[in-house]
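What follows is each chain in one-letter form.
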Amino acid sequence: MAGALRLWLLLLAVLIGAARAEATCTAESFEGNDYTVCRFDLRQDRLRLFSLDDNGAPYGSFASLRLSLEAKGETLAFGMNAGMYGEDLKPIGLYIENGKLLRKLNRRDGPGNFHMKPNGVFFIDGDTGGVMETEAFAASGVKPQFASQSGPMLVVDGQIHPRFSPAGTSLQRRNGVGAADGHTLIFVISEDWVNFHSFARLFRDRLNCPNALFLDGSISSLHAPELGRSDGFAPLGPIVALVKGS
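These remarks concern the structure in this document. (Residues numbered from 1 in each chain as written. Predicted model: local features only at pLDDT ≥ 70, side-chain atom pairs only at ≥ 80, totals over all residues. Heavy atoms only, no water.)

Across its full length, the protein chain carries four helices and 17 strands. Whereas a compact globule of 246 residues would reach a radius of gyration of roughly 18 Å, the protein chain reaches 19 Å, a difference of no more than 12%. Its C-alpha atoms give the protein chain principal-axis dimensions of roughly 70 × 45 × 35 Å. A separation threshold of at least 6 residues defines the contact pool for the protein chain, and within that pool the share at least 24 residues apart is 70%. (Helix = DSSP H or I, 4+ residues; strand = E, 2+ residues; numbered from the N terminus. Rg over C-alpha atoms; globule rule 2.2 N^0.38 Å. Contact = heavy atoms within 4.5 Å.)

Okay, here's the thing in structure tokens:
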């Protein structure tokens, strides 16, 4: 009887561990605000970037990307908008997909959040990845399989962007990505309207990301089937995705 009980408890622990391993996105609260936090270990989770379909047209939505993948026997297990884009839904900054440079690094000055320097790049190269300030990325010589540029940086080497104020009045639903280490990327979307400083503190003080990058606000969207969620309220540009299947 005792042996059977131990076997049952062991099986239960395995099942709970497997469930937790599948739960890449979790609800978390920080300083009174709610967030959905999605963690990926690139040694296990092969993230990819998608912009244009086989006909050269922007996917524009999770639904479109999901149908395209399903036609190939694959499943869209996670998705999030992955950087700023123009009216044509194409990236306005550096964009690399499957090792191919589709848009060069954008180092120009200009209006809007993208140009609130320092801005930055998040990248994925096999089982490694990271977030780097734009000039640091340019000097690094890194040539990753996937990369997307956005802005502003939220956290740079442990320091919150100098133009953010704790009392900032610009409130939005926001999403971003942080690098906890060379193998771990953490994607976050706020469920409440937050300012930049609050969002940056989440990455630095709660998620322990010394570098984090703002991806967008107001159109911030998440595809997380495990949560029964697939946002479709706004056209999307580049999409970062976890794909499972053949």
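What follows covers helix α4 (residues 196–206). Residue pairs three or four apart in sequence face the same way in an α-helix, which turns once every 3.6 residues. Burial runs high along α4: eight of the 11 residues are buried. Along α4, the residues classified as buried are F196, H197, S198, F199, A200, R201, L202 and F203. N-cap assignment for α4: the residue whose side-chain oxygen lies 3.2 Å from the backbone N of H197 is N195. Where α4 terminates, the next one or two residues include N208, which has phi positive at roughly 55°. (Buried < 20%, exposed > 50% of the residue type's maximum accessible area, 1.4 Å probe, protein only. Polar contact = N/O pair within 3.5 Å; in protein donor to acceptor, adjacent residues only side chain to side chain.)

Further remarks concern the sheet that holds strand β8 (residues 128–133). Read from one edge of the open sheet, five strands run β6-β5-β9-β7-β8, paired in antiparallel fashion. Every interior strand has two partners, whereas the edge strands, β6 (100–103) and β8, have only one. Pairs of neighbouring strands in the sheet enclose a mean axial angle of 20°, with direction left out of account. One ladder, built from six bridges, connects strand β7 (residues 120–125) with β8; its direction is antiparallel. Directly across from F123, in β8, lies its bridge partner G130. (Pairing = 2+ DSSP bridges. Axes fitted to C-alpha atoms, helices over the stretch in contact; angles between N-to-C directions.)

Let us now look at helix α2 (residues 62–70). Taken together, the buried positions of α2 are F62, L65, S68 and L69. Looking straight down α2, one finds its buried side chains confined to an arc of 130°; they lie on one side. Packing partners of the buried residues in α2 comprise β3 (47–50), β4 (74–81), β15 (222–224), β16 (229–230) and β17 (239–245). (Arc of directions from axis to C-beta.)

What follows deals with the sheet that holds β4. In space, the five strands of this open sheet follow the order β3-β17-β4-β15-β16, with antiparallel pairing throughout. Taken across any chain shown, the strands that pair with only one partner, and hence form the sheet edges, are β3 and β16. Note that β4 and β15 share two bridges and pair antiparallel. Note on β15: the bridge partner recorded for M80 is L222.

Here we take up the side chain of S51. Tracing the backbone shows S51 in the loop between β3 and α2. Each residue touching S51, except ones within four places of it in the same chain, is listed here: A57, P58, Y59, P91, Y95 and E97.

A separate point is the environment of G32. With respect to the helices and strands, G32 occurs in the loop between β1 (25–30) and β2 (33–41). The class for G32 is exposed, based on a relative accessible area of 72%. Separated by 169 residues in the primary sequence, G32 and R201 have C-alpha atoms spaced 12 Å apart.

Another aspect to go through is the pattern of salt bridges. For the structure shown, the criterion picks out 13 salt bridges. The shortest N-O distance in the salt bridge between D41 and R43 comes to 3.0 Å. For D205, the salt bridge is made with R204, and the minimal N-O distance between the two is 2.7 Å. Overlapping salt bridges, with partners in common, bring together R173, E191, R229 and D231 in one network. (Salt bridge = Lys/Arg side-chain N within 4 Å of Asp/Glu carboxyl O.)

Before going further, it helps to examine the packing of aromatic side chains. Summed over the entire model, instances satisfying the criterion amount to 10 aromatic pairs. Aromatic pair Y35 and F199: ring centres 6.2 Å apart, planes at 15°, arrangement stacked. Of this pair, Y35 sits in strand β2 while F199 sits in helix α4, and the two are 164 residues apart along the sequence. The pair formed by Y35 and F199 is uniform in burial state, with each residue classed as buried. Seen from their ring centres, F40 and F187 are 6.1 Å apart, and the 70° between their planes marks the pair as edge-to-face. (Phe/Tyr/Trp six-rings, centres within 6.5 Å; stacked < 30°, edge-to-face > 60°.)

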